[in-house]
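Coordinate analysis (summary)
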Amino acid sequence: YQRRVRGDMSVITSDLVKQTIEKSLETQKVLVYDVSGGCGAKFDLVVVSKAFDGQSLLDRQRAVNLSLDPLMSKIHAVTMKTWTPEQFEQRKDTLPEHFKC
């Protein structure tokens, strides 16, 4: 079965999650992986933004959650890494295999 947004027949996909984040936040990179096997219930995210510089981890995650607000009632779980571009360069080798191309 595929998870659908109520009132809309579009499936919650990794692309939709990525586009939704990119519309709300100034990002340098957004990586999204559906860890629910394609049904759109659980996503693993990496969001890279210069705007995160100087922000606490909680504030970064709140910004991402706020950007996903239109979809959150249909998503069961989200895990995320919210990094500055410098942090991404330092930590990109630690990302799970599903993010490595």
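The text that follows walks through the structure, step by step, so that each part is easy to find. (Residues numbered from 1 in each chain as written. Predicted model: local features only at pLDDT ≥ 70, side-chain atom pairs only at ≥ 80, totals over all residues. Heavy atoms only, no water.)

1. Remarks on the overall build of the protein chain
- Regarding its fold elements, the protein chain presents four helices and three strands.
- Relative to its full complement of 101 residues, the protein chain shows a buried share of 38%.
- In the protein chain, once contacts between residues fewer than 6 apart in sequence are set aside, the share between residues at least 24 apart is 57%.
- With the model as given, the accessible surface of the protein chain reaches about 6300 Å², and the carbon-plus-sulfur share is 48%. (Helix = DSSP H or I, 4+ residues; strand = E, 2+ residues; numbered from the N terminus. Buried < 20%, exposed > 50% of the residue type's maximum accessible area, 1.4 Å probe, protein only. Contact = heavy atoms within 4.5 Å. Areas by Shrake-Rupley, 256 points an atom, 1.4 Å probe, with all protein chains shown as cover.)

2. Points about the sheet that holds strand 1 (residues 29-34)
- Spatially, 1-2-3 is the arrangement adopted by the three strands of the open sheet, whose pairing is mixed. Strand pairing shows two members of the sheet lacking a second neighbour, strand 1 and strand 3 (77-83), which therefore form its edges. Here the average twist between neighbouring strands, direction ignored, is 10 degrees.
- Sheet topology note: the strand 2 (residues 42-48)/strand 3 ladder contains seven bridges and is parallel. Following the sheet pairing, L45 is matched in strand 3 by M80.
- Contacts from helix 1 (residues 14-24) reach strand 1 and strand 2, with the element oriented near 150 degrees to strand 1. (Pairing = 2+ DSSP bridges. Axes fitted to C-alpha atoms, helices over the stretch in contact; angles between N-to-C directions.)

3. Some words on the environment of N65
- The residue N65 is located in helix 2 (residues 57-67) in this model.
- Counting along the chain gives 44 residues from N65 to I21, while the straight-line C-alpha distance between them is 8.9 Å.

4. So, helix 1
- Of the positions making up helix 1, those classed as buried are V17, T20 and I21. The arc that holds the buried residues of helix 1, viewed along the axis, is 95 degrees, so those residues lie on one side. Along helix 1, exposed side chains directed more than 90 degrees from the buried face belong to D15 and K23.
- In this fold, the buried residues of helix 1 make contact with strand 1, strand 2, helix 2 and helix 3 (69-72). (Arc of directions from axis to C-beta.)

By themselves these figures say nothing about function.
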